[in-house]
Amino acid sequence: MRYSIIEVINIKKKIIYKRNISLLFILELNNINIEYQCRSGYCGMCRIKLIKGKIFYLIKQPMAALFQKQEIFPCCCKPNGNIIIQI
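Residues numbered from 1 in each chain as written. Predicted model: local features only at pLDDT ≥ 70, side-chain atom pairs only at ≥ 80, totals over all residues. Heavy atoms only, no water.

Asker: Just checking my understanding: could you explain the overall build of the chain for this structure?
Answerer: When you go through the chain residue by residue, the secondary structure sums to one helix and seven strands. Taken from the N to the C terminus, the helices and strands of the chain come in the order β-β-α-β-β-β-β-β. Here the C-alpha radius of gyration of the chain, 12 Å, is about what a compact globule of 87 residues would show, namely 12 Å. Projected onto its principal axes, the C-alpha positions of the chain cover 35 × 25 × 20 Å. (Helix = DSSP H or I, 4+ residues; strand = E, 2+ residues; numbered from the N terminus. Rg over C-alpha atoms; globule rule 2.2 N^0.38 Å.)

Asker: Can you help me understand the packing of aromatic side chains in this one?
Answerer: How two aromatic rings sit relative to each other is given by the distance of their centres and the angle of their planes. As enumerated under the stated definition, the model contains zero aromatic pairs in all. For the cation-ring pair, R39 lies above Y36, with the distance from its terminal atom to the ring centre recorded as 4.2 Å. (Phe/Tyr/Trp six-rings, centres within 6.5 Å; stacked < 30°, edge-to-face > 60°. Lys NZ or Arg CZ within 6 Å of the ring centre and 35° of its normal.)

Asker: So what exactly am I meant to see when it comes to the pattern of salt bridges here?
Answerer: Pairing between side chains of opposite charge can happen when their charged atoms approach one another. Scanning the model with the defined rule gives two salt bridges in all. In this structure, R47 engages E71 in a salt bridge whose closest nitrogen and oxygen atoms are separated by 3.0 Å. One end of the pair, R47, is in the loop between helix 1 (23–29) and strand 3 (48–52); the other, E71, is in strand 5 (residues 71–72), with 24 residues separating them in the sequence. (Salt bridge = Lys/Arg side-chain N within 4 Å of Asp/Glu carboxyl O.)

Asker: Mind showing me how you'd approach the sheet that holds strand 2 (residues 13–17) here?
Answerer: Hydrogen bonds between backbone groups are what pair the strands of a sheet, and the pairing can be parallel or antiparallel. Taken in spatial order, the five strands make up an open sheet running 2-1-7-3-5, and their pairing is mixed. Only two strands of the sheet have a single partner each, and these edge strands are strand 2 and strand 5. The pairing of strand 3 with strand 5 spans two bridges and is classified as antiparallel. Bridging across to strand 5, I48 finds its partner in I72. (Pairing = 2+ DSSP bridges.)

Asker: It is not clear to me how the layout of surface pockets should be interpreted in this structure. Could you clarify?
Answerer: In this approach, a probe sized like a water molecule rolls over the atoms, and the result shows the empty space that is left. There is about 150 Å³ of room inside the largest pocket. Lining of the largest pocket is provided by R2, Y3, S4, Y17, K18, R19, F56, K78, P79, N80 and G81. Tallied by class, the residues present in the lining of the largest pocket amount to four nonpolar, three polar and four charged. (1 Å grid on protein atoms, 1.4 Å probe; cavity = no way out; pocket = protein on both sides within 12 Å on 5 of 7 lines; lining within 4 Å. Points joined across faces, edges and corners; volume = space filled by probe spheres on them. Nonpolar A, V, L, I, M, F, W, Y, C, P; charged D, E, K, R; others polar.)

Keep in mind these values describe shape, not function.
So, in structure tokens, the structure goes:
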């Protein structure tokens with residue numbers, strides 16, 4: 001079984017990602033709560049910073065305004081290998 005490591009640097013936690021679910025959902029399962037609203041990439045409330053690694057989106061591209069270069073929307077993406085994020 002293939003898995004990825006998700007490292008959340010500002011709370012010093014590592015998570016093994018091995019299920020086919022969104023990054024937001026895996027964070028919630030590991031008691032890491034972030035604000036969200038739409039769960040589909042439109043509102044931008046859940047945005048977090050991708051420090052290292054790659055993700056892929058489950059939708060064409062998030063629609064939220066003011067989408068910064070290092071920001072990702074965990075509600076509609078999955079890690080593509082190991083990643084380091086900041087919440």
